Amino acid sequence: MSYRTAHPLRSVTLDDVRGAQKMLSGVARTTALESSRHLSRTVGAPVHLKCENLQRTGSFKLRGAYVRIAGLLPEERAAGVVAASAGNHAQGVALASSLLGVHSTVFMPQGAPLPKVSATREYGAEVRLHGQVVDEALAAAEEYAARTGAVFIHPFDHPDIIAGQGTVGLEILEQCPEVGTIVVGMGGGGLAAGIAVAVKSVRPDVRIVGVQAEGAAAYPPSLAAGYPVTVGSPATMADGIRVGTPGPVPFGIVEELVDEVRTVSEDQLSAALLLCLERAKLVVEPAGASPVAALLADPGGFSGPVVSVLSGGNVDPVLLQRVLRHGMAAQGRYLAVRLRLTDRPGALATLLGVLSAADANVLDVSHIRTDPRLGLSEAEVELHLETQGPTHRSEVTAALGESGYVIIE
């Protein structure tokens, strides 16, 4: 017996998703479906990118938030709505509320990226910073709802939210009728559940593959147990899918309709984000890049045509810089080394000459002369280098060794 059968919750149907699509007409964009020649060659089948990173507010979240708030009774709208989020859901609720003339209050962690906080305010929400993590902001939002009567807008655990997110699936079927596999990132499961309802109702043969970050993968143990299981202290750079417990409503749908859930590492997420930027010219946040990470991790494991859902593009510039450097390192295109030199005129120039001869691009140099660990005639140099791949990185390291330099571990 499935969780959905044992725990009857309001079901989400194809008619619900089609109704949501009509409601969203003129509100949410029909986002582009872009082909990727590079990924198609890698996978050995046509690969298309569903660009929800180009949706209004920068993610798919507007779809579900608008449908949920539009379905409120007049007295509920008058009481306002409240939500908690570190970014995408916050912006979706803020814009949806403004479009519908509803006051919105959004609780965000105190450490939320400033661009996301600013955008949420600009979309019309009253932002309250509370706690250090989303769970603390969530508790504050629920307390606010109980105290004021404002309607709490959950990011994924409500049928209307799932129906709204399911409109992505309807668009995929319209844009790529021959689709064989849809790969989608998963946190709480609302997007994957909505797409599964929409697609499986029309094309039950299409394979739906969910993707989670290894450090925040609550669905594999939950599906094994047959009910939502909490993963303590979920940790991943992909904050859009950093959820500790699946929602009961999407879990029942995922258990029944999603064919497989895979996990990807932080290195794979970084490499995928870098690929989207360099090859597809698309700015995608780590959560949005998770389906591409799954394709790169197992290119032969997907039947084409494949549609990879890029769920969002709201990445903090500071995080983007770190992730890109991490992605370059994961691809063997970045090398950080520490060396000790004799502190004499020309020593650094000689070292840079060795690196130049090896075609290594020096990104940053830190030259330290005053440190208790160093001898009187010693200096320490830390270099950040751009290389052309794993083979070239090994060649650069070998060139340093052949020139008498010892890399400090």
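You'll find the structure just up there.
Here's a quick rundown of the structure.

The rules behind these values
- Residues numbered from 1 in each chain as written.
- Predicted model: local features only at pLDDT ≥ 70, side-chain atom pairs only at ≥ 80, totals over all residues.
- Heavy atoms only, no water.
- Helix = DSSP H or I, 4+ residues; strand = E, 2+ residues; numbered from the N terminus.
- Rg over C-alpha atoms; globule rule 2.2 N^0.38 Å.
- Buried < 20%, exposed > 50% of the residue type's maximum accessible area, 1.4 Å probe, protein only.
- Contact = heavy atoms within 4.5 Å.
- Areas by Shrake-Rupley, 256 points an atom, 1.4 Å probe, with all protein chains shown as cover.
- Axes fitted to C-alpha atoms, helices over the stretch in contact; angles between N-to-C directions.
- Parallel < 35°, antiparallel > 145°, perpendicular 65-115°, else oblique.
- Left-handed = near helix turned anticlockwise from the far one by under 90°.
- Nonpolar A, V, L, I, M, F, W, Y, C, P; charged D, E, K, R; others polar.
- Expected span 1.5 Å × (residues − 1).

**Some points on the overall build of the chain**
Counting its regular elements, the chain contains 17 helices and 13 strands. Relative to the 2.2 N^0.38 estimate, which gives 22 Å for 409 residues, the radius of gyration of the chain is 24 Å and therefore close to what a compact globule would have. Across its three principal axes, the chain shows a C-alpha extent of roughly 80 × 50 × 40 Å. Looking at the chain as a whole, 55% of its 409 residues qualify as buried. The contacts of the chain with a sequence gap of at least 6 include a subset with a gap of at least 24, amounting to 72%. Of the roughly 17000 Å² of accessible surface on the chain, 51% is carried by carbon and sulfur atoms.

**Digging into the packing of helix 9 (residues 159-175) against helix 10 (residues 190-202)**
At a minimum axis distance of 7 Å, the contact between helix 9 and helix 10 shows a crossing angle of 50°. Here helix 9 lies oblique to helix 10, going by the angle between them. Two packed elements cross with a definite hand, and for helix 9 against helix 10 that hand is right-handed. From helix 9, Ile 162, Gln 165, Gly 166, Val 168, Gly 169, Leu 170 and Leu 173 reach across to helix 10, where they touch Gly 190, Leu 191, Ala 193, Gly 194, Ile 195, Ala 198, Val 199 and Val 202. Taken together, the residues of the contact of helix 9 with helix 10 sort by class into 10 nonpolar, 5 polar and no charged.

**Focus on helix 8 (residues 134-148)**
For helix 8, which comprises 15 residues, the first-to-last C-alpha distance of 21 Å matches the rise-based estimate of 21 Å (1.5 Å per residue) to within 8%. As for helix 8, its buried residues are in contact with strand 3 (81-84), strand 4 (104-108), strand 5 (126-129) and strand 6 (151-152). Remark: Gly 149 follows helix 8 within two positions and exhibits a positive phi of approximately 85°.

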